[in-house]
Amino acid sequence: MTHASANVDHAEISKFEQLAARWWDPDSEFKTLHDINPLRLAFIERKVKLAGQQVLDVGCGGGILSEAMALQGAEVTGIDMGEMPLRIAELHTLESGAQVKYQHTSAEALAEEAPASFDMITCMELLEHVPEPASVVRACAQLVRPGGYLFFSTLNRNPKSYLFAVLGAEYLLNMLPKGTHDYARFLRPSELARAVRQAGLVVDEISGLTYNPLTQTYRLNAHNIDVNYLLSCQRPAA
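Conventions we followed
- Residues numbered from 1 in each chain as written.
- Predicted model: local features only at pLDDT ≥ 70, side-chain atom pairs only at ≥ 80, totals over all residues.
- Heavy atoms only, no water.
- Helix = DSSP H or I, 4+ residues; strand = E, 2+ residues; numbered from the N terminus.
- Buried < 20%, exposed > 50% of the residue type's maximum accessible area, 1.4 Å probe, protein only.
- Areas by Shrake-Rupley, 256 points an atom, 1.4 Å probe, with all protein chains shown as cover.
- Pairing = 2+ DSSP bridges.
- Axes fitted to C-alpha atoms, helices over the stretch in contact; angles between N-to-C directions.
- Contact = heavy atoms within 4.5 Å.
- Disulfide = S-S within 2.5 Å.
- Salt bridge = Lys/Arg side-chain N within 4 Å of Asp/Glu carboxyl O.

**Focus on the overall build of the chain**
- Scanning the chain from N- to C-terminus turns up nine helices and eight strands.
- Looking at the chain residue by residue over its 238 residues, the buried ones come to 53%.
- For the chain, the computed accessible surface area is about 10900 Å², with 54% contributed by carbon and sulfur atoms.

**Focus: the environment of His 129**
- Along the chain, His 129 falls in the loop between strand S4 (118-124) and helix H7 (133-143).
- In sequence terms His 129 and His 10 are 119 residues apart; their C-alpha atoms lie 9.9 Å from each other.

**Some thoughts on the sheet that holds strand S1 (residues 54-58)**
- What the eight strands build is an open sheet, ordered S3-S2-S1-S4-S5-S8-S6-S7; its pairing is mixed. Edge positions in the open sheet fall to strand S3 (100-104) and strand S7 (217-221), since each of these has one partner strand only. Going from strand to strand, the sheet's axes swing by 20° on average, the running direction of each strand aside.
- Running over the sheet, helix H5 (residues 83-96) touches strand S2 (75-80) and S3 and is turned about 165° from S3.

**A look at the state of the cysteines**
- Applying the stated rule across the entire model yields zero disulfides.
- No disulfide involves Cys 123; its nearest neighbouring cysteine sulfur is the one of Cys 140, lying 4.8 Å away.
- No disulfide involves Cys 233; its sulfur sits 8.6 Å from the nearest other cysteine sulfur, which is in Cys 140.
- Of the residues examined, Cys 233 reaches a relative accessible area of 0% and is grouped as buried.

**Observations regarding the pairing of strand S6 (residues 202-212)**
- Bridge analysis of S6 against strand S8 (residues 228-234) gives seven bridges, and the strand direction is antiparallel. From the neighbouring strand, Ile 206 faces S8, where its bridge partner is Leu 231.
- Where S6 lies against S7, five bridges are found, and the strand directions are antiparallel. Bridge pairing in S7 places Tyr 211 opposite Tyr 218.
- Here S6 hands over to S7 after four residues, with Gln 216 in that stretch at a positive phi of 55°.

**Quick notes on the side chain of Thr 77**
- With respect to the helices and strands, Thr 77 occurs in strand S2.
- With sequence-adjacent residues up to four places away left out, Thr 77 is seen in contact with Val 55, Leu 56, Asp 57, Lys 101, Gln 103 and Phe 118.

**Description of the pattern of salt bridges**
- According to the stated counting rule, one finds ten salt bridges in the structure shown.
- Put simply, Glu 90 and Arg 87 hold a salt bridge, and the shortest N to O gap is 2.9 Å. Of this pair, Glu 90 and Arg 87 both sit in helix H5, three residues apart, which is roughly one turn of the helix.
- A residue is classified by how much of its surface remains accessible, and Glu 90, at 31% relative accessible area, is partly exposed.
- The class of Arg 87 is partly exposed, set by a relative accessible area of 33%.
- Glu 191 serves as the salt-bridge partner of Arg 188, at 3.4 Å between the closest nitrogen and oxygen.

Purely spatial values, then, with no claim about function.
See the structure below:
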(Lines give C-alpha, C1' and ligand atoms only; values in the text may rest on other atoms or scores of the structure.)
Protein backbone atom coordinates (compact mmCIF):
# COMPACT_ATOMS: atom_id res chain seq x y z
CA MET A 1 0.00 0.00 0.00
CA THR A 2 1.42 3.41 -0.95
CA HIS A 3 1.51 6.27 1.51
CA ALA A 4 -0.93 8.13 -0.72
CA SER A 5 -3.57 5.51 -0.01
CA ALA A 6 -2.50 4.56 3.52
CA ASN A 7 -3.82 7.68 5.30
CA VAL A 8 -7.36 6.31 5.46
CA ASP A 9 -9.37 4.99 8.39
CA HIS A 10 -11.74 2.47 6.86
CA ALA A 11 -13.94 2.41 9.95
CA GLU A 12 -14.48 6.15 9.52
CA ILE A 13 -15.27 5.68 5.83
CA SER A 14 -17.78 2.96 6.72
CA LYS A 15 -19.62 5.21 9.17
CA PHE A 16 -20.30 7.81 6.51
CA GLU A 17 -21.05 5.20 3.84
CA GLN A 18 -23.89 3.87 5.98
CA LEU A 19 -25.41 7.35 6.33
CA ALA A 20 -24.84 8.45 2.73
CA ALA A 21 -28.48 8.30 1.60
CA ARG A 22 -29.42 10.93 4.20
CA TRP A 23 -26.67 13.41 3.29
CA TRP A 24 -28.99 15.96 1.68
CA ASP A 25 -31.79 15.71 4.27
CA PRO A 26 -31.41 18.95 6.29
CA ASP A 27 -33.07 17.30 9.30
CA SER A 28 -30.89 14.17 9.27
CA GLU A 29 -27.61 13.31 10.97
CA PHE A 30 -26.05 15.89 8.63
CA LYS A 31 -28.20 18.80 9.88
CA THR A 32 -25.13 20.40 11.47
CA LEU A 33 -23.31 20.49 8.13
CA HIS A 34 -26.32 22.12 6.48
CA ASP A 35 -26.57 24.66 9.30
CA ILE A 36 -22.90 25.68 9.26
CA ASN A 37 -22.44 25.63 5.48
CA PRO A 38 -23.45 29.30 4.93
CA LEU A 39 -20.88 30.29 7.56
CA ARG A 40 -18.15 28.20 5.96
CA LEU A 41 -18.97 29.82 2.63
CA ALA A 42 -18.94 33.30 4.18
CA PHE A 43 -15.52 32.66 5.75
CA ILE A 44 -14.14 31.60 2.37
CA GLU A 45 -15.67 34.51 0.50
CA ARG A 46 -14.08 37.01 2.87
CA LYS A 47 -10.77 35.97 1.31
CA VAL A 48 -11.57 34.77 -2.21
CA LYS A 49 -14.06 35.69 -4.91
CA LEU A 50 -15.22 32.23 -5.93
CA ALA A 51 -16.42 33.00 -9.45
CA GLY A 52 -13.99 31.55 -11.97
CA GLN A 53 -11.75 29.91 -9.36
CA GLN A 54 -10.61 26.32 -9.83
CA VAL A 55 -11.39 24.84 -6.43
CA LEU A 56 -10.66 21.45 -4.86
CA ASP A 57 -12.89 20.30 -1.98
CA VAL A 58 -10.97 17.60 -0.07
CA GLY A 59 -13.19 15.18 1.85
CA CYS A 60 -16.28 16.52 0.11
CA GLY A 61 -18.64 13.80 1.31
CA GLY A 62 -22.08 14.27 -0.24
CA GLY A 63 -21.11 17.62 -1.72
CA ILE A 64 -22.80 20.21 0.50
CA LEU A 65 -19.92 22.69 0.37
CA SER A 66 -18.85 21.66 -3.15
CA GLU A 67 -22.26 22.54 -4.57
CA ALA A 68 -22.46 25.82 -2.66
CA MET A 69 -19.13 26.95 -4.11
CA ALA A 70 -20.10 25.81 -7.61
CA LEU A 71 -23.31 27.81 -7.41
CA GLN A 72 -21.15 30.87 -6.68
CA GLY A 73 -19.40 30.34 -10.01
CA ALA A 74 -16.37 28.28 -8.98
CA GLU A 75 -15.14 25.32 -11.05
CA VAL A 76 -15.21 22.70 -8.30
CA THR A 77 -13.66 19.25 -8.03
CA GLY A 78 -14.74 17.24 -4.97
CA ILE A 79 -12.73 14.26 -3.76
CA ASP A 80 -13.52 11.71 -1.09
CA MET A 81 -12.52 8.17 -0.13
CA GLY A 82 -16.14 7.12 0.42
CA GLU A 83 -17.82 5.82 -2.73
CA MET A 84 -21.45 6.05 -1.57
CA PRO A 85 -21.29 9.72 -0.51
CA LEU A 86 -19.79 10.53 -3.93
CA ARG A 87 -22.63 8.72 -5.72
CA ILE A 88 -25.14 10.68 -3.63
CA ALA A 89 -23.27 13.89 -4.47
CA GLU A 90 -23.40 13.12 -8.19
CA LEU A 91 -27.11 12.33 -8.05
CA HIS A 92 -27.86 15.57 -6.21
CA THR A 93 -26.24 17.66 -8.95
CA LEU A 94 -28.97 16.37 -11.30
CA GLU A 95 -31.52 17.96 -8.98
CA SER A 96 -29.65 21.17 -8.17
CA GLY A 97 -28.04 21.84 -11.51
CA ALA A 98 -24.68 22.51 -9.84
CA GLN A 99 -21.65 21.65 -11.98
CA VAL A 100 -19.20 19.66 -9.82
CA LYS A 101 -16.65 17.06 -10.85
CA TYR A 102 -16.36 14.28 -8.25
CA GLN A 103 -13.46 11.82 -7.92
CA HIS A 104 -12.89 8.82 -5.66
CA THR A 105 -9.34 9.54 -4.53
CA SER A 106 -7.27 10.94 -1.67
CA ALA A 107 -5.51 14.29 -1.42
CA GLU A 108 -2.17 12.50 -1.28
CA ALA A 109 -2.82 10.51 -4.47
CA LEU A 110 -4.09 13.55 -6.35
CA ALA A 111 -1.07 15.59 -5.23
CA GLU A 112 1.19 13.03 -6.89
CA GLU A 113 -0.83 13.16 -10.11
CA ALA A 114 -1.68 16.85 -10.40
CA PRO A 115 0.41 19.16 -8.18
CA ALA A 116 -0.28 22.92 -8.26
CA SER A 117 -3.52 22.41 -10.22
CA PHE A 118 -5.98 24.45 -8.15
CA ASP A 119 -6.47 28.11 -7.29
CA MET A 120 -7.99 27.25 -3.92
CA ILE A 121 -8.39 24.25 -1.59
CA THR A 122 -11.03 23.54 1.04
CA CYS A 123 -10.70 20.72 3.58
CA MET A 124 -13.56 20.92 6.06
CA GLU A 125 -14.36 18.50 8.89
CA LEU A 126 -11.92 15.90 7.56
CA LEU A 127 -8.68 16.21 9.52
CA GLU A 128 -10.22 14.73 12.70
CA HIS A 129 -11.17 11.59 10.74
CA VAL A 130 -7.78 10.58 9.28
CA PRO A 131 -4.79 8.89 10.96
CA GLU A 132 -2.26 11.52 9.78
CA PRO A 133 -3.80 14.98 9.39
CA ALA A 134 -0.41 16.55 8.65
CA SER A 135 -0.17 14.32 5.55
CA VAL A 136 -3.43 15.80 4.24
CA VAL A 137 -2.18 19.32 4.94
CA ARG A 138 1.04 18.63 3.01
CA ALA A 139 -0.91 17.22 0.08
CA CYS A 140 -3.20 20.25 0.02
CA ALA A 141 -0.14 22.52 0.03
CA GLN A 142 1.18 20.65 -3.01
CA LEU A 143 -2.17 20.85 -4.82
CA VAL A 144 -2.68 24.62 -4.58
CA ARG A 145 -1.00 27.03 -6.94
CA PRO A 146 1.44 29.66 -5.63
CA GLY A 147 -0.53 32.53 -4.13
CA GLY A 148 -3.60 30.35 -3.60
CA TYR A 149 -5.68 30.12 -0.42
CA LEU A 150 -6.44 27.00 1.60
CA PHE A 151 -9.23 26.61 4.16
CA PHE A 152 -9.30 23.99 6.91
CA SER A 153 -11.84 23.37 9.64
CA THR A 154 -11.72 20.92 12.51
CA LEU A 155 -12.27 20.53 16.27
CA ASN A 156 -10.10 21.82 19.09
CA ARG A 157 -8.87 19.32 21.70
CA ASN A 158 -9.64 20.40 25.26
CA PRO A 159 -12.15 19.52 28.01
CA LYS A 160 -14.70 22.05 26.70
CA SER A 161 -14.66 20.58 23.19
CA TYR A 162 -15.10 17.07 24.63
CA LEU A 163 -18.08 18.30 26.64
CA PHE A 164 -19.75 20.12 23.75
CA ALA A 165 -18.70 18.20 20.61
CA VAL A 166 -18.82 14.67 21.99
CA LEU A 167 -20.94 14.43 25.13
CA GLY A 168 -23.27 17.30 24.23
CA ALA A 169 -23.69 16.90 20.48
CA GLU A 170 -23.62 13.09 20.33
CA TYR A 171 -25.10 11.93 23.64
CA LEU A 172 -27.22 14.72 25.17
CA LEU A 173 -28.63 16.71 22.25
CA ASN A 174 -28.44 13.89 19.66
CA MET A 175 -27.21 16.37 17.05
CA LEU A 176 -24.77 13.78 15.69
CA PRO A 177 -24.73 9.96 15.68
CA LYS A 178 -22.94 8.48 18.67
CA GLY A 179 -19.35 7.66 17.76
CA THR A 180 -19.07 10.35 15.07
CA HIS A 181 -15.95 11.80 16.65
CA ASP A 182 -12.84 10.41 18.32
CA TYR A 183 -11.74 13.06 20.83
CA ALA A 184 -8.12 11.88 20.66
CA ARG A 185 -8.01 12.99 17.00
CA PHE A 186 -9.12 16.55 17.66
CA LEU A 187 -6.45 19.13 16.75
CA ARG A 188 -5.47 22.15 18.77
CA PRO A 189 -5.18 25.31 16.63
CA SER A 190 -1.47 25.43 17.48
CA GLU A 191 -1.02 21.89 16.14
CA LEU A 192 -2.84 22.65 12.90
CA ALA A 193 -0.95 25.93 12.50
CA ARG A 194 2.34 24.06 12.97
CA ALA A 195 1.38 21.49 10.31
CA VAL A 196 0.42 24.34 7.98
CA ARG A 197 3.75 26.13 8.47
CA GLN A 198 5.72 22.91 8.09
CA ALA A 199 3.98 22.41 4.73
CA GLY A 200 5.33 25.77 3.58
CA LEU A 201 2.09 27.70 4.03
CA VAL A 202 1.42 31.00 5.79
CA VAL A 203 -1.37 31.17 8.39
CA ASP A 204 -3.83 33.96 7.57
CA GLU A 205 -6.72 33.78 10.07
CA ILE A 206 -8.27 31.47 12.65
CA SER A 207 -11.94 31.90 13.56
CA GLY A 208 -14.19 29.94 15.85
CA LEU A 209 -17.59 28.55 14.93
CA THR A 210 -19.86 28.73 17.97
CA TYR A 211 -23.28 27.22 18.70
CA ASN A 212 -26.04 28.67 20.87
CA PRO A 213 -28.21 25.77 22.11
CA LEU A 214 -31.01 28.14 23.15
CA THR A 215 -31.47 29.69 19.71
CA GLN A 216 -30.03 26.62 17.94
CA THR A 217 -27.90 28.85 15.73
CA TYR A 218 -24.24 29.00 14.76
CA ARG A 219 -22.05 32.01 14.11
CA LEU A 220 -18.46 32.84 13.25
CA ASN A 221 -16.62 34.12 16.32
CA ALA A 222 -12.97 35.13 16.08
CA HIS A 223 -12.75 35.35 19.88
CA ASN A 224 -13.90 31.79 20.65
CA ILE A 225 -11.96 28.91 19.07
CA ASP A 226 -12.60 26.52 21.97
CA VAL A 227 -14.60 23.92 20.02
CA ASN A 228 -15.07 24.25 16.24
CA TYR A 229 -12.71 26.49 14.31
CA LEU A 230 -11.66 27.40 10.77
CA LEU A 231 -8.18 28.29 9.58
CA SER A 232 -7.29 30.10 6.38
CA CYS A 233 -3.77 30.06 5.00
CA GLN A 234 -1.93 30.80 1.79
CA ARG A 235 0.81 29.31 -0.32
CA PRO A 236 3.40 32.05 -0.87
CA ALA A 237 3.45 33.45 -4.40
CA ALA A 238 6.32 32.24 -6.54
